Amino acid sequence: RCDVAAKTGTYYRKVDGEASPTDIESTLQLIHMLFTSDVKSMLVPEELEAVLRMQEEAIRNRSRDPVSIYNQTIRHLVYGKSFQSQPLRVKDVRKMKPAKACEHFNASFGDPSEFTMVLVGAFDERRVRPMIEKYLGSIQPSPNPKGRVLQVTPAPFKFPRGVVNRDLRVAMVEPMAQASITFPVNIPNPDYNHKTGQATPSLEGSVALTREKLTCVFASSIIERRLLALLRFKFGEIYTCAASTSFAYQDPQARGPYFRGDIMINFSCDPGAGHRLAQLAMEDVGAMQREGPTAEEVTTAVELETRALEVRVQENSYWREYFEALHNSRLSPLMEGDLDQLYQVSERTRKE
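Figured I'd write up the structure that's included with this text.

Thresholds, definitions, all that
Residues numbered from 1 in each chain as written. Predicted model: local features only at pLDDT ≥ 70, side-chain atom pairs only at ≥ 80, totals over all residues. Heavy atoms only, no water. Helix = DSSP H or I, 4+ residues; strand = E, 2+ residues; numbered from the N terminus. Buried < 20%, exposed > 50% of the residue type's maximum accessible area, 1.4 Å probe, protein only. Pairing = 2+ DSSP bridges. Axes fitted to C-alpha atoms, helices over the stretch in contact; angles between N-to-C directions. Polar contact = N/O pair within 3.5 Å; in protein donor to acceptor, adjacent residues only side chain to side chain.

### Focus on the environment of Val 163
Assignment of secondary structure puts Val 163 in the loop between α6 (125-135) and β3 (177-188). Taking relative accessible area as the criterion, Val 163 reaches 77% and is therefore assigned exposed. C-alpha of Val 163 to C-alpha of Phe 183: the two residues are 20 residues apart in sequence and 9.7 Å apart in space.

### Concerning the sheet that holds strand β7 (residues 258-269)
Strands in a sheet are paired, the pairing made by backbone hydrogen bonds, and the direction either parallel or antiparallel. The strand order β3-β7-β6 describes an open sheet built from three strands, whose pairing is antiparallel. Where the open sheet ends on each side, the last strands, each with one partner, are β3 and β6 (238-246). Across the sheet, the axes of successive neighbouring strands diverge by a mean angle of 10°, strand direction being ignored. With eight bridges connecting them, β6 and β7 associate as antiparallel partners. Counterpart to Ala 243 in the pairing with β7 is Ile 265.

### Let's talk about unusual backbone geometry
With a phi close to 50°, Ala 254 is a non-glycine residue in the positive phi region. In this structure, Ala 254 sits in the loop between β6 and β7. The backbone of Glu 336 shows a phi angle near 55°, a positive value even though the residue is not glycine. Structurally, the position occupied by Glu 336 is in the loop between α10 (316-327) and α11 (339-351).

### Comments concerning the environment of Asn 193
Mapping Asn 193 onto the fold places it in strand β4 (residues 192-193). For Asn 193, a relative accessible area of 34% gives the class partly exposed. A distance of 3.2 Å separates the side chain of Asn 193 from the backbone nitrogen of Thr 196, its partner in a polar contact.

This is how it looks when you write it as structure tokens:
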């Protein structure tokens, strides 16, 4: 059992996957093939046409799916008219230039010196090390290396200037409504110099930002439990409720005056109750903003997060993502990429 996939996100290129301990060699072979193959030479017109038709049909299916329409609308309203938040349309598929796309893929996944390998799991290091040297160490570097990309252009997005309300009416098999309330998060960047317009990362500033982000995560956790108690157990009028914090669109290097994200509340309910329950939710969040959470709510949030963490640390994906985040941290250059030191700072900040 092994699975490998190349991905391009807002700020990172990555190759990730998973494998059973007995199939690690097959996984490394696939990574070797990914970096050494010329995908442009694999273009076959008949196969390409089939792929394009599949993409067109997938877009048509999403346009008929109420949940997809709902999520696309929220993304567009929250993040503005950014290319990142624009949904793909059927007519966009034929505008794609296959040869250019393949050239871009080759350039993105051609030079192993631009990547860092993170391998976690229950395996014998003495057995795996020779495989890594054989399959990854044999990948030839690019003849024209670009070096590591340390600065990226932040994705453009703007929060709405004021309150935005939008109702979507779509055909449903069963009568059900979904409601979303999104609050923008703007954390002042302690490392930003307003005179020069530049941000120079520091240990103190990065720790302060991490604390503020964790505070937002805990706040959304408390909001979720408060709304569950109010809307489900007191009024009994919601089916599901969730609150989450996201900084997905924010430049991870935090070079602007603010570190931006959002806290989003989602709940499902009877179609006739959506507006009234949304108002109740807003009133409860307003009360929390004015009065703050109770000591009991904070204690409960810490206990639940501690229990959830105890479960997550048993999963390989947790450590893979953890060390990816440490390596890409704005503190990494300050500590010369010392992952042990970065880990100690991260854990100390989380516990505080």
